[in-house]
Amino acid sequence: TGGFIGTYGIMKVKDGTIKYLETDDIYNLDKNATVKIEPPAPIKKYNRREEWLLRDVNWDPDFSATGQRAIDFYNQEGGTEKIDGAIAITPLFIESLLDLVGPITIDGVTFRSEDFVRVLESEVEMNYFQKGVEEENRKDIIGKLTKELVGRLFQLPKEKWVELGKAIENSLKQKQVLVYFVQPGMQHVFSASNWTGELVPYYGDYAMVVDANLASLKTDLVMEKDISYALKQDKNGDLIARFNIRYTNTGDFTWWSTRYRTYTRLYVPQGSKLVSSSGAMENDKIQGGGPGKVEVYDEHGKTVFAAFISIEPKEKGELVFEYRLPDYIKEMYERGLYNLYIQKQPGMYANQIDISLNFDRKIMNYYPESGEIQTEGKNTLKWNTAVLEDIEIRAGF
């Protein structure tokens, strides 16, 4: 949902047993593409790509759409297996499994949970050349690691099975693992648990911010992102929302980090009207910079505000969107109810969000009744929390 895909694999399962598991560098499949597919406009503009390949297929924030598209691209690029589904995993999920099985050494390289990403990146981006490994085989070490990791998981003693189950469940809840199945019945089972990465259909206030790294290497690892959401009413009684995204690039210019270039999309209730915005850029500093425009469109039953921004190493940047919520949310509020759903972008770290909800009437009750949620006077709710998974607030008046 915005992240670059570096490795793909094929897994065959029968009667609950893994019969086959192989991984490969995704470039080895992409080079077989014979059908030219027009990429999304931001990829075309900011990545200067004229074709859309499997490595960049992870664009749509709704994984049910991305999962099916990944299968289609696999077939179009010469894949020969009949695919029944797609599973997306992040390095954070692998780290949680390494916590259970302990360090794994492959070809003299030791992978630990605490430095897994950096060690792996060093091997597949730099060290392979010094070891005389051909470029097309540079990610073979991932396949070896995968097989060893799976083998150790199946050998875990019974007393660790509960821990393994919790690790998998937490990764699904926190969207470090997503699943998509072609068969509708299977998809429905996992969708009911919110494990399929679909945009939640929600009758009420809603927000989901989606960052897409566009040719910024692995700079996400050194980015800090703070989010705030504030709600107030104007003189006409309309509900006005203000969403701030503050980026800090703590990195340097290195072989794995650079200026952060992101195409940011904010999904909000359909029918929301943009009032004002700031921070959008036409391009990055070396491409002339300059103020950019916010694109507004509807997708997946939501309204989207989208903009490009670039943040140089050791610098900060901020995007601000102020918008009027649609009339149906105002009508709900006038009937005595307001609810807000913040959906986490899959694959992201737990960013902090500061929520401030200011109303013109007395709050009678609210959910969740968490000690983290504070009231100011009779009309304001405040909540500062880490978005580990989707969160929801309800208030009655």
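Residues numbered from 1 in each chain as written. Predicted model: local features only at pLDDT ≥ 70, side-chain atom pairs only at ≥ 80, totals over all residues. Heavy atoms only, no water.

A.B. asks: Honestly, the sheet that holds strand 11 (residues 273-278) in this entry has me stumped. Any pointers?
C.D. replies: Think of a sheet as strands paired side by side through backbone hydrogen bonds, with each pair either parallel or antiparallel. A sheet is described by the order of its strands in space; here 7 strands give the open sequence 11-14-9-8-16-19-18, paired in mixed fashion. Edge positions in the open sheet fall to strand 11 and strand 18 (374-376), since each of these has one partner strand only. When the angles between neighbouring strand axes are averaged without regard to direction, this sheet yields 15°. Pairing analysis gives 11 bridges linking strand 8 (residues 223-233) to strand 9 (residues 239-249), with the strands arranged antiparallel. Of the residues in strand 9, the one forming a bridge with M223 is N249. (Pairing = 2+ DSSP bridges. Helix = DSSP H or I, 4+ residues; strand = E, 2+ residues; numbered from the N terminus. Axes fitted to C-alpha atoms, helices over the stretch in contact; angles between N-to-C directions.)

A.B. asks: Would you take a moment to explain helix 5 (residues 116-130) for this structure?
C.D. replies: Structurally, the α-helix is built with 3.6 residues per turn, so residues lying three or four positions apart point the same way. Given a rise of 1.5 Å per residue, 15 residues ought to cover 21 Å, and the 20 Å separating the end C-alpha atoms of helix 5 matches this to within 8%. Along helix 5, the sharpest change in direction is near 45° and occurs at E123. For helix 5, the secondary structure elements touched by its buried residues are helix 4 (91-101), strand 5 (109-111) and helix 6 (140-154). (Expected span 1.5 Å × (residues − 1). Bend = angle between axes of the 7 residues up to and from the residue. Contact = heavy atoms within 4.5 Å.)

A.B. asks: Looking at this structure, I do not really get the nonpolar core. What am I missing?
C.D. replies: One recurring pattern in soluble globular proteins is that nonpolar side chains are buried together. In this structure, Y229, Y323, Y338, I355 and L357 are the most contacted members of the largest nonpolar core, which totals 41 residues. Per-element tally for this core: the top contributor is strand 9, with 5 residues. Apart from residues lying up to four places away in sequence, Y338 is in contact with D205, Y229, L231, I329, Y333, L357, F359, I393, R394, A395 and F397. Among the nonpolar cores identified, the runner-up in size contains 28 residues, and Y8, I37, L199 and V210 belong to it. (Core = buried A, V, L, I, M, F, W, Y, C linked by side-chain atoms within 4.5 Å. Buried < 20%, exposed > 50% of the residue type's maximum accessible area, 1.4 Å probe, protein only.)

A.B. asks: Explain the sheet that holds strand 17 (residues 365-367) here, please?
C.D. replies: In spatial order, the strands read 12-13-10-7-15-20-17; together these 7 strands make up an open sheet with mixed pairing. Two strands bound the open sheet, and with one partner strand each, they are strand 12 (295-299) and strand 17. Pairs of neighbouring strands in the sheet enclose a mean axial angle of 20°, with direction left out of account. Packing of helix 9 (residues 327-334) onto the sheet brings it into contact with strand 7 (205-213), strand 10 (260-269) and strand 15 (337-342), and relative to strand 15 it is tilted by some 130°.

A.B. asks: Explain the pairing of strand 14 (residues 316-324) here, please?
C.D. replies: On a regular strand, one side chain projects to one face of the sheet and the next to the other, so that they alternate. Bridging between strand 9 and strand 14 involves 9 bridges; their strand directions are antiparallel. Residue A241 lies in a different strand from strand 14, and its bridge partner there is Y323. As defined by bridge partners, strand 11 adjoins strand 14 across 5 bridges and the pair is classed as antiparallel. Across the sheet, the residue bridging to S277 is F321, located in strand 14.

A.B. asks: Please clarify how empty space enclosed by the protein should be interpreted in this entry.
C.D. replies: With a probe scaled to a water molecule rolled over the atoms, the places where space remains empty come into view. Under the criterion given, the structure shown has 2 cavities of 30 Å³ or more. Here the lining of the largest cavity is composed, by residue class, of 8 nonpolar, 3 polar and 2 charged. Volume-wise, the second largest cavity comes out at about 50 Å³. Lining the second largest cavity are A33, T34, V35, I37, W52, L53, F73, Q76 and E77. (1 Å grid on protein atoms, 1.4 Å probe; cavity = no way out; pocket = protein on both sides within 12 Å on 5 of 7 lines; lining within 4 Å. Points joined across faces, edges and corners; volume = space filled by probe spheres on them. Nonpolar A, V, L, I, M, F, W, Y, C, P; charged D, E, K, R; others polar.)

A.B. asks: When you look at the packing of helix 4 against helix 6 in this model, what are you seeing that I'm missing?
C.D. replies: Axes are the key here: two packed helices are described by the angle between their axes and the distance separating the axes. The geometry of helix 4 relative to helix 6 is characterised by a closest axis approach of 10 Å and an angle of 50° between their N-to-C directions. Between helix 4 and helix 6, the interaxial angle falls into the category oblique. Our pair here, helix 4 against helix 6, has a crossing hand that is left-handed. On helix 6, the residues touching I94, L97, L98 and V101 of helix 4 are L149, R152 and L153. Considering only residue class, the contact of helix 4 with helix 6 consists of 6 nonpolar, no polar and 1 charged. (Parallel < 35°, antiparallel > 145°, perpendicular 65-115°, else oblique. Left-handed = near helix turned anticlockwise from the far one by under 90°.)

A.B. asks: Just to check I follow, could you spell out a nonpolar patch on the surface for this structure?
C.D. replies: Among the surface-exposed residues, M11, V13, I87 and I89 lie close enough to one another that they form a single nonpolar patch of about 380 Å² accessible area. Those elements that provide at least two residues to the nonpolar patch are strand 1 (7-14) and strand 3 (85-89). Tracing the backbone shows V13 in strand 1. (Patch = residues over 30% accessible without salt bridge, like charges linked within 9 Å, V, L, I, M, F, W, Y side chains within 5 Å. Areas by Shrake-Rupley, 256 points an atom, 1.4 Å probe, with all protein chains shown as cover. Salt bridge = Lys/Arg side-chain N within 4 Å of Asp/Glu carboxyl O.)

A.B. asks: I'm lost on the packing of aromatic side chains in this one. Help?
C.D. replies: A ring pair, where both rings are aromatic, is described by two values, the distance of the centres and the angle of the planes. Inspection of the entire model under this criterion finds 19 aromatic pairs. Both rings, one in Y46 and one in Y263, keep their centres 6.4 Å apart while their planes meet at 35°; by these two values the pair is tilted. Pair noted here: Y46 is in helix 2 (residues 41-46) and Y263 is in strand 10, with a separation of 217 residues, a long-range link. Both residues of the pair, Y46 and Y263, belong to the buried class. Residues Y203 and Y328 carry aromatic rings whose centres are separated by 4.8 Å and whose planes lie at 35° to one another, so their mutual orientation is tilted. Here Y203 is found in the loop between helix 8 (184-191) and strand 7, whereas its partner Y328 is found in helix 9, with 125 residues between them in sequence. With a relative accessible area of 21%, Y328 lands in the partly exposed category. In textbook terms, an aromatic cluster arises when at least three aromatic residues are bridged by ring pairs, as seen for Y46, W59, Y263 and F308. Geometry around Y206 places K302 over its ring, the cationic atom sitting 3.8 Å from the centre. Stacked on the ring of Y333, the Lys or Arg R361 has its end atom at 5.1 Å from the ring centre. (Phe/Tyr/Trp six-rings, centres within 6.5 Å; stacked < 30°, edge-to-face > 60°. Lys NZ or Arg CZ within 6 Å of the ring centre and 35° of its normal.)

A.B. asks: What is the right way to look at unusual backbone geometry in this model?
C.D. replies: When glycine is set aside, most residues are seen to have a negative phi, and most peptide bonds are trans. In this model, Y367 is joined to P368 through a cis peptide bond whose omega is -5°. Inspection of the secondary structure puts P368 in the loop between strand 17 and strand 18. Here the phi dihedral of R48 falls at roughly 55°; this positive angle occurs in a residue that is not glycine. Residue position: R48 is located in the loop between helix 2 and helix 3 (63-76). Look at A215: it is not a glycine, yet its phi comes out positive at around 60°. Secondary-structure assignment places A215 in the loop between strand 7 and strand 8.

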